[in-house]
Amino acid sequence: MNLSRLLAYRRQIEDALRIELAAAARVLQESAEQAASHEAEAKAKQRRYAEAALAGLTVEETSYWYEDIDHASVKARRSADAHAVLHREWLDKQSMVVGAMQERKKLDILIARRREARQQEELHADQRLMDEQAARRRRGEARWEVPTGRHSHE
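Since we're looking at a predicted model, the values are computed, not measured.

Undergrad: Which residues make up helix H1 (residues 3-55), and what values do they have?
TA: A rise of 1.5 Å per residue sets the reference length of H1, with its 53 residues, at 78 Å; its end C-alpha atoms lie 77 Å apart and thus fit the reference within 8%. With its phi angle positive at about 100°, Gly56 sits one or two positions after the end of H1.

This is the structure in structure tokens:
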């Protein structure tokens, strides 16, 4: 596989991973907002219970509040746990993007080095040609003769 095709493929992989990372970031942000909302809801219920308890509650009302607070706390904990999982997935995806970027950069460097080596080879070939032409001129050979690089055995 030629390097330019490999580089194009690496860029596609990197672009796809960046898109996935952006999607994961949106899901992570939504998850954070949901977890914060559930946590705020649980705390608000605890405050309202404390206010109601000061006013005096029956056993039945206390049982209702405990169930309600417990349900809100479980919901908040699950949201926080889900957010933690999504955060780890986002970190993994981010790591994949960084790895893809590094692979692409390695190919960029390799292609640039090969291009530079080709240019140096061309410069050296041009210099050899000019040196050969100058040597011919000194020997009195015609200027228009350009060596073909082939030797005839006549």
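More follows now that the structure is in view.
Undergrad: So what's going on with the nonpolar core? Residues and values would help.
TA: Listed in full, the 6 residues of the largest apolar core are Leu17, Leu21, Leu28, Trp90, Val97 and Ala100. Elements that contribute at least two residues to this core include exactly H1 and helix H2 (59-139). Aside from chain neighbours lying at most four places away, what touches Ala100 is Ile13, Glu14 and Leu17.

Undergrad: Go over the pattern of salt bridges with me, naming the residues and quoting the values.
TA: The tally for this structure, following the rule as stated, stands at 9 salt bridges. For Lys45, the salt bridge goes to Asp68, with nearest N and O atoms at 3.0 Å. A residue pair is termed long-range when its members are at least 10 positions apart, and Lys45 in helix H1 and Asp68 in helix H2 qualify at 23 residues. The same class applies to Lys45 as to Asp68, namely buried. The network of salt bridges with shared partners includes Arg11, Glu14, Arg18, Arg104 and Asp108.

Undergrad: Run through the environment of Val85, naming residues and quoting values.
TA: Here Val85 lies in helix H2. Among the residues examined, Val85 registers a relative accessible area of 36% and is labelled partly exposed. Considering only alpha carbons, one finds Val85 and Leu28, 57 residues apart in sequence, at a separation of 9.3 Å.

Undergrad: I'd like a rundown of the side chain of Lys45, residues and numbers included.
TA: Taking the relative accessible area as the measure of exposure, Lys45 reaches 11% and is therefore buried. The contacts of Lys45, once residues within four sequence positions are left out, are Trp65, Asp68, Ile69 and Ala72.

Undergrad: Explain the packing of aromatic side chains to me, using residue names and the numbers behind them.
TA: Following the criterion strictly, the structure yields 3 aromatic pairs and no others. Residues Tyr49 and Tyr66 carry aromatic rings whose centres are separated by 5.5 Å and whose planes lie at 45° to one another, so their mutual orientation is tilted. In this pair, Tyr49 is assigned in helix H1 and Tyr66 in helix H2, connecting sequence segments 17 residues apart. Look at Tyr49 and you get buried, because its relative accessible area is 17%. Taking 6.1 Å as the distance between ring centres and 70° as the angle between the ring planes, the aromatic pair formed by Tyr64 and Trp65 counts as edge-to-face. The buried category is assigned to Trp65, whose relative accessible area is 14%. The rings of Tyr49, Tyr64, Trp65 and Tyr66 are connected pair by pair, giving a single aromatic cluster.

Undergrad: Could you give an account of the environment of Ala23, with specific residues and numbers?
TA: Inspection of the secondary structure puts Ala23 in helix H1. Judged by its relative accessible area of 29%, Ala23 is partly exposed. Spatially, the C-alpha atoms of Ala23 and Trp90 are 9.3 Å apart, while their sequence positions differ by 67 residues.

Undergrad: Lay out the side chain of Arg104 with the relevant residues and their values.
TA: Summarising the element assignment, Arg104 is placed in helix H2. Non-local contacts of Arg104, meaning those with residues more than four positions away in its chain, are made with Leu7, Arg10, Arg11 and Glu14.

Undergrad: Would you mind going over the packing of H1 against H2 in detail, with residue names and values included?
TA: Packing of H1 against H2 leaves a shortest axis separation of 7 Å and a crossing angle of 160°. Between H1 and H2, the interaxial angle falls into the category roughly antiparallel. Classified by chirality, the crossing of H2 by H1 is left-handed. Looking at the contact of H1 with H2, its residues break down into 31 nonpolar, 11 polar and 16 charged.

What counts and how
Residues numbered from 1 in each chain as written. Predicted model: local features only at pLDDT ≥ 70, side-chain atom pairs only at ≥ 80, totals over all residues. Heavy atoms only, no water. Helix = DSSP H or I, 4+ residues; strand = E, 2+ residues; numbered from the N terminus. Expected span 1.5 Å × (residues − 1). Core = buried A, V, L, I, M, F, W, Y, C linked by side-chain atoms within 4.5 Å. Buried < 20%, exposed > 50% of the residue type's maximum accessible area, 1.4 Å probe, protein only. Contact = heavy atoms within 4.5 Å. Salt bridge = Lys/Arg side-chain N within 4 Å of Asp/Glu carboxyl O. Phe/Tyr/Trp six-rings, centres within 6.5 Å; stacked < 30°, edge-to-face > 60°. Axes fitted to C-alpha atoms, helices over the stretch in contact; angles between N-to-C directions. Parallel < 35°, antiparallel > 145°, perpendicular 65-115°, else oblique. Left-handed = near helix turned anticlockwise from the far one by under 90°. Nonpolar A, V, L, I, M, F, W, Y, C, P; charged D, E, K, R; others polar.

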